[in-house]
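Tertiary structure, described
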Amino acid sequence: MRLGFQHCMDKPPVKMMDPTLAEMGNHLSGAIKILESGKLESDQIKERRKLSWKDIPGPLQGDGQDVVSVLQLVQNLMHGDDDQQGHRMQYVGEQGHMALLGHSLAAYISVLERERLRKLTTRILSDTTLWLCRLFRYENGSAYYHEDDREGLLKVCRLVINTHYEEYATEGFTVLSSKHPVIYQSAACRPGLGQYLCSQLGLPLSSLCIVPCNTMFGSLHQMDVALLDKLIKDDRESGKVPLLLIANAGTPGAGHTDKLSRLKELCVQYNMWLHVEGVNLATLALGQISSTVTAATKCDSMTLTPGPWLGLPAVPAVTLYRHEDPALSLTAGLTSSQPVEKLRALPLWLSLQYLGHDGIVERIKHASQLSQQLLEHLKTLASIKTSVEDELNSPVVVFRFSQDNSAPSSGGSVEGYFAGERDIIDALNRWLGEQLALQVPLSGVDVVELEDEGTCVRFSPLMTAAALGTQENDVAALVEKLGELIPVLCCTLRFRQDFKDEVLQQASLSYIEDLSWPGLGVVRYEPRNTDLDEDKRQQRVEKINSELLKKLMELDTDLEFSCGPEFCEETNGIFIGMATEDLDVAELVETIGSVGRDIEESGKLFENMTEVVRRGIQEAELQLQKANEEKLIEEGVLRQIPLVGSVLNWFSPVQASVKGRTFNLAEGCLDSTEPVYSIKAQMNTEASPDSPKSSTKRFPGQKLFRRHGAGSDSISETSSVSQLEESFRETAPVQVTDVEEAEVPQENPAHIPEDTASSDQRVPEGQETESVDHLR
C-alpha cells in the first residue's frame, strides 16, 4: 500500500520562503543548538545584572533579559546536574526537529488574520486526518488530537452518552438516574483508566464494570467474551444501559490482543460502542497483519500514539472515530470551531510529510523485526520462559527467569529448593530486568508486574526503539548479557537454602527471611550479652552490624554487601547479593560470625577502658609498693642512703634481679615479662629454616569465599577466617593515647607475634614508680 501525502497539495510550491518564517526557523535552530550544547554561561553574563527591587523576583528586575540569557537559563536547568548524575539528553533526530518546529510554527501561525488562519488550520487538520486514516486502514474516520492519551476516550464517552440519552444536553445527570449507564473494560487494561473516566464524567464507580480475563481457554490476558455476554445481559435485565466497551489491541503489560471480531459482534447486538487501544495498532500500517489486529479497523473508535512509535517528541495522540452527527461531536468536544485548537495537528502534519510512507512503515517494521529477533534467541536459553501471544508476529516480548525449566548446573539442581515461593522468583526477575536495563540501556527493556505470571521483563521496541535508536546489535548484546546473568540467578537460587542452614547453625547470627531481596539472603549479628535493656541492646546491635558491614565491604571478594533497600522493614541487617558457582557458603558464614565476634570483643574493651585503666593503676601501685618494701628488706637501710649506698655498692655489689612488668589492658593489672621472653625464644626456634611452614595458603589471585575450581574443597574453609582475623587485629583502632607504653597480651599466649614480644622493655627497679605516674 502506498500513501500519497501530496494528494491535496494542488497549489504550486512557494518559490521563496517568508523572511519572517525563515528568521524564526533560524532562531529555533540556534535555540536548539544552545540547549543541546551543554555549555555554561560566562561569568560576565552571570554578574551583568544586580537586584534593584526587593519585591520583584530577580529574573524580572530591570529592563528584561536577552534571548541568549533566557535560553542559557533553560540550558542550565536541563544540563546542570549531568556531571554528577551521568544523565544525557535523548538524541532527537531530524524528524524530531520537525515536530519541535511544529510547536513554534503553531504559535507563529496563530497571529495570522482570522480568515487565513481558518483556511490554513482546516487544511492541516484535514490532511493529517486523511493520512492517518489511510495509514492505519480506518476508512471514513474523523480525528481528535489530544495531549493526554486518555482524553480522546473521555470525549468518546461523552459522545456515546449524548447519543443514548437525547435529553442529556438539557436535563443533565437527572436523565441518568432512571437508567444507569455502564462502561465495560478488560481487567488487563491500564490501571486507573476506568476510575479516571468515572471521575471526569461524574459517574459513580458502580457504572464501571471490570470484565475478567480468560481462566481456562485462550490467553490469560484476553477478555472473557462469554462472561462479558452474561454481564451485559444481567445489566440490561436490571434496567441499566450498556454504553461502551474498552478493548485492547496489545495489553499494557503483555501486549496481547482481545478477540476483537467477537467483541464487535456483541457490541452490535447490544447497541454498544467499541473502543480499541494498544501498541499493536501500529502494525496496521504494515503490509502483512494478523487477523486479530485487522479486526480493529471495524471498531467505532481507536486511540493511536504515533509519537513513541515513530520517535516524534511532543506530538499529540490521535483518536480516530466514526460518527454521522457533527453536532453531537461538537457537543462532546471531539471537534472545535476554534482555529487555534486545530493547530495541535501541525507537529504531526510536518513530521509525517518528512518521514513519508516508506519511512513510517520502515520504523514500525524495524521494531517488529527486533521483537522477532529477541524471541528467536530466547527460545535457545534455558531457564527463560516467554509469554507472547503470537510467536510469528508479536511486537511485544515478555519473558522471565523461571525455576520450572531450569537446567541443572554443576553442584546440584535448583529444582524443588524453593518450590511455590513465587516472591523469591519475582525478586530475582526484578533484579534481572534492572541489570539488563542498566547494562544494555539501548535495548529499552523494563520490568512489568503481571497478575498471573508475576514479575517479568518486557521488550516493547514499538514504544522505545525509535527514540533510543535500538538496532540488531543491541538485541544481540541483550541476549549475551542475559546468558551471563542466568547462571548467577541459578546459583543464587540454589545457595539460598544452604546459606540459611549455615546461618541457623551459628549461635551469634540470626537469619532474616526477606523474600523480596534478590540475593543470597539477609543476616544479622546478635551480641552474646543479654543483660542490657532493650534500648541499649538495640544500640549495640546497630553499632556492631554497622561496623561489620564496613569490614565485609572492604574484603577482596566478588560478593556485594549492603544495608538493603532504602525503604526496608528490617533494620540492622546485612544484605548479601548474588552468588556465583564457586561460592563457599560455609566459609562466608563462618567469616561473618568471626568478624562479628572480634568487633563485639573490641567494643567491650573500648567501653570498659577507663574503668580498667583506673583499677589497673591502683593495683599496680600496690604491687610496686610491695616490691619496694621487699627491696628495702633485701638490701638494707644503709644502701638506700645516697652517698653511703654508692660506697657500699662499690665495695660489695648486690646482684639484684630486675623484674620487668607489662600492663594488661584487658585485665587492668601488671604482669611479669618472663613468659613473654620465653615465648619469644620459642618462636625464634620455630621460625628457623629447618622448621615446617603452614600449608593452609590461598592460591595466588584467589578471592575470599571462592573454592579453587567448581565443586573443589581443596581450600580450607577457615583460611579466609584466619586471614581476616589477622587483618582485623592489624587495623583495629586502639583508643588509648595516654598509655603508649602499655602492652596488650593476646588471649592465647602461644600465638603472640614476634613484633609484640620484642617491643616489651624491662622496667628498672628505680623507675617503676615513674612508670606508674606516666600511666596516670
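Keep in mind it's a predicted model, so treat the numbers as computed, not measured. (Residues numbered from 1 in each chain as written. Predicted model: local features only at pLDDT ≥ 70, side-chain atom pairs only at ≥ 80, totals over all residues. Heavy atoms only, no water.)

**Brief notes about the overall build of the protein**
Just so we agree on the cut-off: Segments assigned H or I by DSSP are reported as helices when at least four residues long, segments assigned E as strands when at least two residues long, and all are numbered from the N terminus. To sort residues, take the accessible area from a 1.4 Å probe on protein chains only and compare it with the maximum for the residue type: under 20% means buried, over 50% means exposed, and anything in between is partly exposed. The contact rule is simple, with two residues in contact once any of their heavy atoms fall within 4.5 Å. The Shrake-Rupley method, run with a 1.4 Å probe sphere, supplies the accessible areas, and residue values consider only the shown protein chains as cover.
The secondary structure content of the protein amounts to 27 helices and 17 strands. Burial status across the protein gives 45% buried among its 776 residues. Residue pairs at least 24 apart in sequence account for 71% of intrachain contacts in the protein once pairs closer than 6 positions are excluded. If you sum the accessible surface of the protein, you get close to 41900 Å²; carbon and sulfur atoms cover 52% of it.

**Description of helix α3 (residues 67-79)**
Think of an α-helix as 3.6 residues a turn; residues three or four steps apart then line up on the same face. Put simply, the rule reads: A helix's residues, less one, multiplied by 1.5 Å, set its expected span. Note: the arc covers the axis-to-C-beta directions of the helix.
Over its 13 residues, α3 extends 18 Å from the first C-alpha to the last, a length consistent with the 18 Å expected when each residue adds 1.5 Å. Every buried residue of α3 is accounted for by S69, L71, Q72, Q75 and H79. Projected down its long axis, α3 shows its buried positions confined to an angular sector of 160°, all on one face.

**Section: the packing of helix α10 (residues 225-237) against helix α11 (residues 260-269)**
Short version of the rule: In this analysis, axes come from line fits to C-alpha atoms, helices being fitted only over the stretch in contact, and the angle between any two N-to-C directions falls in the range 0 to 180 degrees. Throughout, the term roughly parallel applies to angles under 35 degrees, roughly antiparallel to angles over 145, roughly perpendicular to angles from 65 to 115, and oblique to all others. For this scheme, ten residues count as nonpolar: Ala, Val, Leu, Ile, Met, Phe, Trp, Tyr, Cys and Pro. Four count as charged, namely Asp, Glu, Lys and Arg, and the remainder, Gly too, count as polar.
Across the interface, α10 lies against α11 with an axial gap of 11 Å and an inter-helix angle of 10°. The pairing of α10 with α11 is recorded here as roughly parallel in orientation. On α11, the residues that touch V225, L228 and D229 of α10 are R262, L263 and L266. A class-by-class count of the residues in the contact of α10 with α11 yields four nonpolar, no polar and two charged.

**Some thoughts on the pattern of salt bridges**
In plain terms, the rule: Criterion for a salt bridge: a side-chain nitrogen of Lys or Arg within 4 Å of a carboxyl oxygen of Asp or Glu.
In the structure shown here, the tally under the stated rule is 19 salt bridges. Taking the shortest distance from any N to any O, the salt bridge between E277 and R190 comes out at 3.2 Å. Residue E277 is found in strand β5 (residues 273-277), and its partner R190 is found in the loop between β2 (181-186) and α9 (193-201); the two are separated by 87 residues along the sequence. Among the salt bridges present, the one from E526 reaches R537, with a minimum N-O distance of 2.9 Å. Of this pair, E526 sits in the loop between β13 (521-525) and α20 (534-553) while R537 sits in helix α20, placing them eleven residues apart in sequence. Relative accessible area serves as the criterion here: at 22%, R537 is assigned to the partly exposed category.

**A closer look at a nonpolar patch on the surface**
Here is the rule: Patch membership needs two things, relative accessible area over 30% and no salt bridge, and members are linked within 9 Å if like-charged or within 5 Å if nonpolar (Val, Leu, Ile, Met, Phe, Trp, Tyr).
Side chains of V70, V74 and M78 sit close together on the surface and give an oily, nonpolar patch of about 210 Å² of accessible area. As for its position among the elements, V74 is in helix α3. When its relative accessible area of 34% is taken as the criterion, V74 is described as partly exposed.

**With respect to the pairing of strand β6 (residues 301-304)**
Put simply, side chains in a regular strand alternate between the two faces of the sheet. For the record, the criterion: Here the rule is simple: two strands pair whenever DSSP picks up at least two bridges between them.
Residues S301 and T303 line one face of β6 and the alternating positions M302 and L304 line the opposite face, and both faces are buried. Across four bridges, β6 lies against strand β7 (residues 317-321) in antiparallel orientation. Opposite S301, over in β7, you have Y321 as the bridge partner.

**A short note on the side chain of D229**
Mapping D229 onto the fold places it in helix α10. For D229, the contacting residues outside a window of four places in its chain are L266 and Y270.

**Overview of the sheet that holds strand β11 (residues 454-459)**
The sheet built from four strands is open, its strands ordered β8-β9-β11-β10 with antiparallel pairing. Pairing within the sheet leaves two strands with one partner each, and these edge strands are β8 (384-386) and β10 (446-450). This sheet shows a mean twist of 40° between the axes of neighbouring strands, independent of strand direction. For β8 and strand β9 (residues 397-401), the ladder comprises three bridges, and the chain directions are antiparallel.

**Describing the side chain of T303**
Relative to the helices and strands, T303 resides in strand β6. Contacts of T303, omitting those with residues within four sequence positions, involve H146, D149, H275, V276, E277, L281, V318 and T319.

**A closer look at the sheet that holds β13**
Spatially, four strands are ordered β12-β13-β15-β14 in an open sheet, and the strand pairing comes out antiparallel. The two strands at the open ends of the sheet, each matched to only one other strand, are β12 (509-512) and β14 (561-562). Where helix α19 (residues 472-504) meets the sheet, its contacts fall on β12, β13 and β15 (574-576), and the angle it forms with β12 comes to roughly 145°. In the packing of α20 onto the sheet, contacts are made with β13, β14 and β15, and the angle to β13 comes to roughly 125°.

**Things to note about α10**
Compared with the 18 Å implied by 1.5 Å per residue over 13 residues, the 19 Å span of α10 between its first and last C-alpha is a close match. Within the span of α10, buried status applies to V225, L228, D229, I232 and D235. When α10 is viewed along its axis, its buried side chains cluster within an angular range of 130° and face the same direction. Away from its buried face, by an angle of more than 90 degrees, α10 presents the exposed residues A226 and E237. Those residues of α10 that are buried are in contact with β2, β3 (208-211), β4 (241-248) and α11.

**Observations concerning the nonpolar core**
Cut-off, in case you're wondering: We define the nonpolar core as a collection of buried residues of types Ala, Val, Leu, Ile, Met, Phe, Trp, Tyr and Cys that are connected through side-chain atoms lying within 4.5 Å of one another.
Counting residues in each nonpolar core, the largest one holds 70 residues, and the members touching the most others are Y184, L228, L245, V276, L281 and M302. Take this core: its biggest share by element is ten residues, from helix α16 (residues 346-378). Listed in part, the 32 residues of the second largest apolar core include F399, W431, L482 and M578.

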